[in-house]
Amino acid sequence: LEKSEKGASDGSCTYGLERPEDDIFMVNWVGSILGPHNSLFQNRIYTLKLTCGENYPEVPPTVVFVTKINLGTVVGPDGTVDPKQLDVLNRWEPTSSHTLQSVLSGLRSLMSKDPYRKIPQPEEGSTYPAKKPDAASACK
């Protein structure tokens, strides 16, 4: 959080609390990824939601793209990232090197690699349908 607040990144991946005034447990985050150069993601900004459950940081966050994207890690009709298909989530450990920033950077890195960098993308600005809250998973 401190690095993000102080601008210690290159600006290609950023994140912040979705509702800082209401989220005292720092559960709901919004991230953005600037599409890498020399790819079909270039000049696009991708928005994501990251949710840190009650067992975070021992358990990785859940990651859902808001902006539609064609990327092998995204499964289902709602933009959910499959943690088994993204190294940083699949090999998650509660260390200083596994952070929200490393999740966003891992996704951006994947965007710049073959075959993903050449896969046609949905219309710019299109989004996944908003996920309806599940009463069973609501914060306590």
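Structural data are supplied above this passage.
Residues numbered from 1 in each chain as written. Predicted model: local features only at pLDDT ≥ 70, side-chain atom pairs only at ≥ 80, totals over all residues. Heavy atoms only, no water.

### Overview of the environment of S109
Quick reminder of the rule: A run of H or I in DSSP counts as a helix once it spans at least four residues, and a run of E counts as a strand once it spans at least two, with each numbered from the N terminus.
Checked against the element boundaries, S109 lands in helix α3 (residues 100–111). Residues S109 and P36 lie 73 residues apart in sequence; the distance between their C-alpha atoms is 8.0 Å.

### Observations regarding the nonpolar core
Put simply, the test is: Take the buried residues of types Ala, Val, Leu, Ile, Met, Phe, Trp, Tyr and Cys, join any two whose side-chain atoms come within 4.5 Å, and each joined set is a nonpolar core. Type-normalised accessible area, obtained with a 1.4 Å probe on protein chains alone, sets the label of each residue: buried when under 20%, exposed when over 50%, and partly exposed for intermediate values. Residue contacts are counted whenever heavy atoms from the two residues lie within 4.5 Å of one another.
Within the largest apolar cluster, 27 residues are counted, with the highest numbers of intra-cluster contacts made by F65, I69, L71, V103 and L107. Put simply, the parts of the chain that give this core at least two residues each are β1 (13–17), β2 (28–34), β3 (45–51), β4 (62–65), α2 (87–90) and α3. Considering each element in turn, this core owes the most residues, 6 residues, to α3. Excluding its chain neighbours within four sequence positions, the residues that come into contact with F65 are Y46, T47, L48, L71, V74, D78, G79, V81, L107 and Y128.

### Some thoughts on the side chain of S39
Using the following cut-off: The definition of a polar contact used here is a pair of N or O atoms within 3.5 Å, where within protein one atom must be able to donate a hydrogen and the other to accept one, and adjacent residues in sequence count solely through side-chain atom pairs.
Structurally, S39 is set in the loop between β2 and β3. Judged by relative accessible area, which is 12%, S39 ranks as buried. At a separation of 2.6 Å, a polar atom in the side chain of S39 contacts the main-chain carbonyl oxygen of P36.

### Side note on unusual backbone geometry
Of all residues except glycine, most have a negative phi; of all peptide bonds, most are trans. Omega for the bond connecting Y56 with P57 falls within 30 degrees of zero, at 15°, which places this linkage in the cis form. For the bond from D114 to P115, the omega torsion is 0°, close enough to zero to count as cis. As for its placement among the helices and strands, P115 is situated in the segment after α3. For M26, which is not a glycine, the phi torsion comes out positive at approximately 50°. With respect to the secondary-structure elements, M26 resides in the loop between β1 and β2. In this structure M26 comes out as partly exposed when scored by relative accessible area, which is 39%. Positive phi values are uncommon outside glycine, yet N38 reaches one of about 55°.

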